[in-house]
Amino acid sequence: MDVQRSLPALAAGVILVVSVLSGPLFGAVDLSPTESRAAPGDGSATVGVVSVPDGGRLAPTGYTDAGYLLSLPAATVRVSNLSGNPMVVYKLRIREVGYVASTTHFLGGEHEGQQALTLEGAVLNRTSLPRESYRGELLVLKRTHEHETVLHRGNVTLRVDP
Amino acid sequence: MSVTTRAVRPAVHAVGRKLTAHWVRFRTVAFGDRVGYTLFLGSLAFLVCTWRIGVFINDTNTVLNTLVAVERGHLYLETAHYGGLDAPGTHVVDGMVYGRNYGQVFLALPFLVALRAISSIVYPPIAIAAGWSLLLLALSRALGTRFGYPRTAAASGSLVAVLTFGAGVLTASPLATDRFPVVALQASTVVMTAFATVVVYRLASARTTRRAGVAAAVAYVVVLPTGFWASIPKRHALTTGLLLVSLYLLHRARETAHTGNDSLRYRAGAYVPVGMTTWVHAPEGFLLLTAVGAADLLTARSNAPRELVAVAGVLFLSLVPFFLTNYFIAGNPIQPPRFTPPFEGAVTNATAGADGGGDGSGSTASLAGGSILALGTSVLEPVGFLDRFSKGLCVLLKSPDRVVDTFLLSDGFGSDDRNMAILESAPVLGALVGAGVGIRRIGFRQTLTRLWSDRPRTAVDAAVVVYASLSILLYIPSLPLHAQITVRYLLPLYPLALLAVVETAALRSVLADARRTLLWTYAGVVLVGSQLFLAGIVLLNVTHGGAVRIESHLALGIAALLAAWTLGYSLGADSDRSLRTGAVLLGLAAAAGTVFLLVSAWWYFPYGPFALPFVPQP
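Quantities reported herein were computed from a predicted structural model and do not represent experimental measurements.

1. Quick notes on helix α18 (residues 400-407) of chain B
- For α18(B), every residue scored as buried is listed here: B:R402, B:D405 and B:T406. Around the axis of α18(B), the buried residues are gathered within 100° of arc, so they sit on the same side.

In structure tokens:
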């Protein structure tokens, strides 16, 4: 009868004891923390630009005065000799409206070979864009150990949807 | 416990009794009563199930970098362990880079310290599994006592706890050391949400009935998007929880049973969350101060100097950590880090809303850096707020499309958009339609008189109305927004609306007379409906965005039916059959919320491994 009443204490005891026995002090199982991945930006890779888009679109978000959604096709790069966790930055600057958007891609892990660089969720917060198209500067940068290499710099045309 | 107490001497008995007394006192202060304690355990157990360890939105990287810096004993950021130093929300003062949300970081710090300490004895994945199993055990005991079958509950709870723990040990995989701060930060918001659940219970049951209080608390964690944002460590879970604490203390301060010093203690206590919220995110602290301050001063029995001095003193003390942080960063106690120049980094220029970062969905530097910054260089500069509020008013009046898309029906940003409007993410709020009619039926004037005679209610209602209006005005110029999922900027509105829903006559009759129908509908849809839904979207190869759209259309349909029913009910269609219909609709609406929480945790947003190792990855 009383066994039933003391079951919770027993269960809690079993859980606690097994937790400690499996822990680093006794080491019944080995779950020692894995080393953290290399800090973002530490590492190296050979990155070659395969293709970049020559244009993109600026489409109104559909809300009054709520800006424009920037869509730019992905660029493609080829990554080799990867070690650590270097970064590749895909960046667009539209000087005429003072706008910069960039997405940082981390190459850590299994990102060798052909990789697509996307520009994510960029919204241009301007109430209106008077011109039909804008010229943007497209950059692909590699960033390792606080050091930046420009892999590509070129112009793109951004068409404004009515 | 019983094994030991039976065998040993009275001295130990005495210690045991003392401990029990301490525990009961603690439980009363923290959770109110046994029911509150049970709700805390239950909501924590549920939230841990949906918890994925990882970074969902890359603003969190900044908070994580800040947490690592603070753990090392300084406020500035040295290196970016998460994302880049230029992640949204970093700021630069005198060449040093600073983070954000320091209040949130200091709240998470004890969790990180505890995790590091525990990890030298128990591996963290095992500790999480063990913690969760013990939680189940405690929950089963609490439920067993509550419903009168303690023995069965104790036995089955023990069995389930040991089995789940065994499954956890067998499936656990190592946790990288760089995940420790992530786990700590997420744990802090999960615990805060579970605690807020208890506050919802206490506030709603103090205002209505205990049953309605329980319903509101359960809804807070398993039905509303507040459950969704629990393990995503943004500021929203915290500021929403703090708002609720403040409202609850305001209610207590006005209760007639508490007079004199007791009342003053609660009254001053209601201002403590103001300082804490300001430390997390200054503009929301200002909103809370305005709402609670206005409601409190207007409805107080006495605004004698003694009382006001006490209130002001407590408010000032609660702001001290905030002032200190600002002083150390900007050299000016009233200039929060967010209002110092943004860190532009080597790469990103934050002139407009673009984010760096590879994982999670994008986020919004536009609000973080741009327009809120325009509020002025200090929270104490009301002109900035007035400007922002008038802008909000402009949007409300001139852009009905944006208002509709924020509150009713989200149009979406692009094809794979996963954002929902408020009603779409919480169809239970459809029940509010009837509330308006209810007021009309009683008569507006009578409602007002009734309000005035019920001081706790008036005070809390006034604070709710002010807070809701100001937060809409503050944020609507930036809404709708990509990467908001469930209009997270307005997260506090969900529990505030919930408080109103549980007061409607319609809901109270359903809870009183058609509980069974409600529960069976809810359980059936959650257990069977969620699986059918998942199977459907997997088999038909629907994109995540598409699935969210289907779900939100269903939710909207249910909300409309529920609204129509509450309308009919408050106009007099209150037969038995009508009540059962209402119970079914309410069950459907609640289930829609839960299905979203489950499917989004499991399917839509796989941003990391589950904290419970045995939950299978899709």
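2. A word on the side chain of B:T486
- Here B:T486 shows up in the loop between α22 (455-475) and α23 (493-501).
- Not counting residues up to four positions away in its chain, the partners in contact with B:T486 are B:P225, B:W229, B:M420, B:S425, B:Y494 and B:F596.

3. With respect to the packing of helix α24 (residues 505-513) of chain B against helix α26 (residues 544-570) of chain B
Residues and elements named next belong to chain B.
- Axis separation between α24 and α26 bottoms out at 9 Å; the angle between their running directions is 95°. Here α24 is positioned roughly perpendicular relative to α26, judged by the angle of their axes. Between α24 and α26, the residues in contact are A505, A506, S509 and V510 and W565, T566 and Y569, respectively.
- By residue class, the composition of the contact of α24 with α26 is 5 nonpolar, 2 polar and no charged.

4. Some points on the pairing of strand β2 (residues 55-60) of chain A
Residues and elements named next belong to chain A.
- Of the pairings in the sheet, the one linking β2 to strand β10 (residues 147-160) comprises 4 bridges and is parallel in character. Each residue of the ladder has a partner; that of L58, found in β10, is V160.
- The sheet contact formed by β2 and strand β3 (residues 68-71) spans 4 bridges and is antiparallel. Within the sheet, the bridge partner assigned to A59 lies in β3 and is L69.

5. Description of the sheet that holds β2(A)
Residue and element names in this part refer to chain A.
- Read across the sheet, 7 strands follow the order β6-β5-β9-β10-β2-β3-β8 without closing on themselves; strand pairing throughout is mixed. Looking at which strands have only one partner, the edges of the open sheet turn out to be β6 (99-106) and β8 (123-124).
- Pairing geometry for β3 and β8, over 2 bridges, is antiparallel. Looking across to β8, one finds that L69 is bridged to V123.

6. Section: empty space enclosed by the protein
Residues and elements named next belong to chain B.
- In this structure the tally under the stated criterion is 8 cavities of 30 Å³ or more.
- By volume, the largest cavity is sized at about 120 Å³.
- Looking at the lining of the largest cavity, the elements with two or more residues in it are α10 (225-228) and α27 (576-604).
- Across the lining of the largest cavity, the residue classes break down as 7 nonpolar, 4 polar and 1 charged.

7. Describing the pattern of salt bridges
- Applying the stated criterion across every chain yields a total of 17 salt bridges over all chains.
- Residue A:E137 pairs with A:R93 through a salt bridge whose shortest N-O separation is 3.0 Å. Of the two residues, A:E137 sits in strand β9 (residues 133-144) while A:R93 sits in strand β5 (residues 87-94), which places them 44 residues apart along the sequence.
- Residue B:E307 pairs with B:R267 through a salt bridge whose shortest N-O separation is 2.7 Å. One end of the pair, B:E307, is in helix α15 (residues 305-330); the other, B:R267, is in helix α12 (residues 260-269), and 40 residues separate them in sequence. Here the two residues B:E307 and B:R267 agree in accessibility, since each one is buried.

8. Details of the pairing of β10(A)
- Where β9(A) lies against β10(A), 12 bridges are found, and the strand directions are antiparallel. Bridging across to β10(A), A:K142 finds its partner in A:T149.

Reading the values: the criteria
Within each chain, residue numbers correspond to sequence positions counted from 1 in written order. Ligands are numbered from 1 and chains lettered from A, in the order in which they are written. Residue-level local features of this predicted model are given only where pLDDT is at least 70; pairs of side-chain atoms are given and counted only at 80 or more, and the full residue set underlies all totals for whole chains, interfaces and linings. Hydrogen atoms and water are omitted, and side-chain values are computed over all heavy atoms in the structure. Buried, partly exposed and exposed residues are distinguished by accessible area as a fraction of the type maximum, computed with a 1.4 Å probe on protein chains only: under 20%, between the cut-offs, and over 50%, respectively. Working definition: helices are DSSP H or I runs of at least four residues, strands are E runs of at least two. Numbering for both runs from the N terminus. Here, the arc refers to the directions that run from the helix axis to the C-beta atoms. In what follows, residue pairs with any heavy atoms lying within 4.5 Å of each other are defined as contacts. For helices, the fitted axis covers only the stretch in contact; all axes are lines through C-alpha atoms, and the angles between them, taken along N-to-C directions, range from 0 to 180 degrees. For this classification, under 35 degrees means roughly parallel, over 145 means roughly antiparallel, 65 to 115 means roughly perpendicular, and everything else is oblique. Side-chain classes follow a simple rule in which Ala, Val, Leu, Ile, Met, Phe, Trp, Tyr, Cys and Pro form the nonpolar group, Asp, Glu, Lys and Arg form the charged group, and the remainder, Gly included, forms the polar group. Any two strands with at least two DSSP bridges between them are considered paired. Here the term cavity refers to a set of points on a 1 Å grid, laid over the protein atoms alone, in which a 1.4 Å probe fits but cannot get out; the term pocket refers to an open set having protein on both sides within 12 Å along at least five of seven lines, with lining residues being those that place an atom within 4 Å of a point. Grid points are joined across faces, edges and corners, and a volume is the space filled by probe spheres set on the points. By definition here, a salt bridge exists when the distance from a side-chain nitrogen of Lys or Arg to a carboxyl oxygen of Asp or Glu is within 4 Å.

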